[in-house]
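Spelled out from the first residue to the last, the chains are:
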Amino acid sequence: MNLMWAVALLSVVAAVAVAATGLFRPRLRPRLSAPALPAAGVSLAVTLAYLGGAARPAPGVDALGMIESVALMVSAGLVVRYAPLRQAVLSTSAAGLAAAVWPLRVFTPASPLEAVGVSAFWGLGALLTAAMGAYLRFLDVRQERAVADTRTALRLRLARDLHDFLAHDISEMVAHAQAGRVAGDPLQALERIEDAGQRALSTLDGTLDTLHHDRLLSPVGDLGGISEAAERFSAAGPARVRLRMDPAVTAPVETAALAYRIVVEGLTNVRRHAPQATRVDLRVSASAGVLEVTMTNDGVTRTRSRRRGGSGLPGLAGLVEDRGGELVAQAVPDGWSLTARLPLRQSPTWSPESSSPTTRKASAAPSA
């Protein structure tokens, strides 16, 4: 009898130790299935000893068994939540079974069916804790995925910003350097190169500041910046921008920033893919709740295949579509045209004229 008491006490201590470790030692939770399995095995062995007649109920055994059963139920829930899935299945099943059959130590069933009924009823506690652990595990996984998706979206947005704005400033620096070398005032060219470099550094500093301080990216650019971008582009090369924009045109911050981004990308593409352009017609207007940006150049002399996805026009097309708008890039006589239609209000009743709300992203081409 003393030996069985010692074994029963050992079984209780093992079960309680596993549960306490899972509750109070977070670092050990992923490895909780390793001690949970032998603890459940000891408990099952003690129960079998009572069923086989090797031990008899003694005062206090029922209280110890109750504590042991609760500890096994808690362990089952903790293992399901934190342990690796394959290991959790075996350990949780063993702990749940040990907790379910514990009443057979102090209760003599009249038939096997009654024993199964008692064990099934008592096992509901283990099933409930396992279900709670599985649900909490599901929430953890969903949170991890949400964090990963957020980080991916942030990286993609940072990549778009660096591509759209740094590429524009760097291409402007190159254009000024080329112009200063061929003709014009070298000192003035150097000053403009310095200004473009300062803008590029400012963009880079803002991006790095966002990463260092875990801040949300703020929109870059507005409708007023479109005029400045057009003036800088005209001063940097042979092509002149003819801008038509009503000063009274207004747009929400996000929409204005996207319009500015489209203009910058279009001008950059003119500089990169249409170096012979002499004229860029740029019109910004608003009517019927839609902000329309139209850009046409006369310098496309060849086509060039473009990759789908990524930055540039494909990336802008995704941003425009997300806002319920439309981006159309296409060849026109003696040139290339880029048209964007952005809703000034996020209205479900607004729809683009095109049957396809995505860009007809010219599989070809240089864009403007």
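Everything in this summary refers to the structure shown in the same document. Since the model is a prediction, treat every value here as computed from it, not as a measurement.

What follows is about the packing of aromatic side chains. Inspection of every chain in the model, using the stated rule, returns one aromatic pair. Relative to tryptophan 122, the ring of tryptophan 102 has its centre 5.7 Å away and its plane inclined at 40°; by these criteria the two rings are tilted. In this pair, tryptophan 102 is assigned in the loop between α4 (85-101) and α5 (112-182) and tryptophan 122 in helix α5, connecting sequence segments 20 residues apart. Its relative accessible area of 6% is what places tryptophan 102 among the buried residues. Tryptophan 122 sits in the partly exposed class, given a relative accessible area of 24%.

For a regular strand, side-chain orientation follows a simple rule: the groups alternate between the two sheet faces. Here strand β3 (residues 290-297) lies mainly inside the structure; six of its eight residues are buried. Two strands pair when backbone bridges link them, and strand β2 (residues 279-287) and β3 are joined in this way by eight bridges, in the antiparallel orientation. What sits directly across from valine 280, in β3, is asparagine 297. Linkage of β2 to β3, two consecutive antiparallel strands, is achieved through a turn of two residues, within which alanine 288 is found at a positive phi near 55°. Strand direction decides the pairing type here: β3 and strand β5 (residues 335-343), joined by eight bridges, are antiparallel.

Conventions used here
Residues numbered from 1 in each chain as written. Predicted model: local features only at pLDDT ≥ 70, side-chain atom pairs only at ≥ 80, totals over all residues. Heavy atoms only, no water. Phe/Tyr/Trp six-rings, centres within 6.5 Å; stacked < 30°, edge-to-face > 60°. Helix = DSSP H or I, 4+ residues; strand = E, 2+ residues; numbered from the N terminus. Buried < 20%, exposed > 50% of the residue type's maximum accessible area, 1.4 Å probe, protein only. Pairing = 2+ DSSP bridges.

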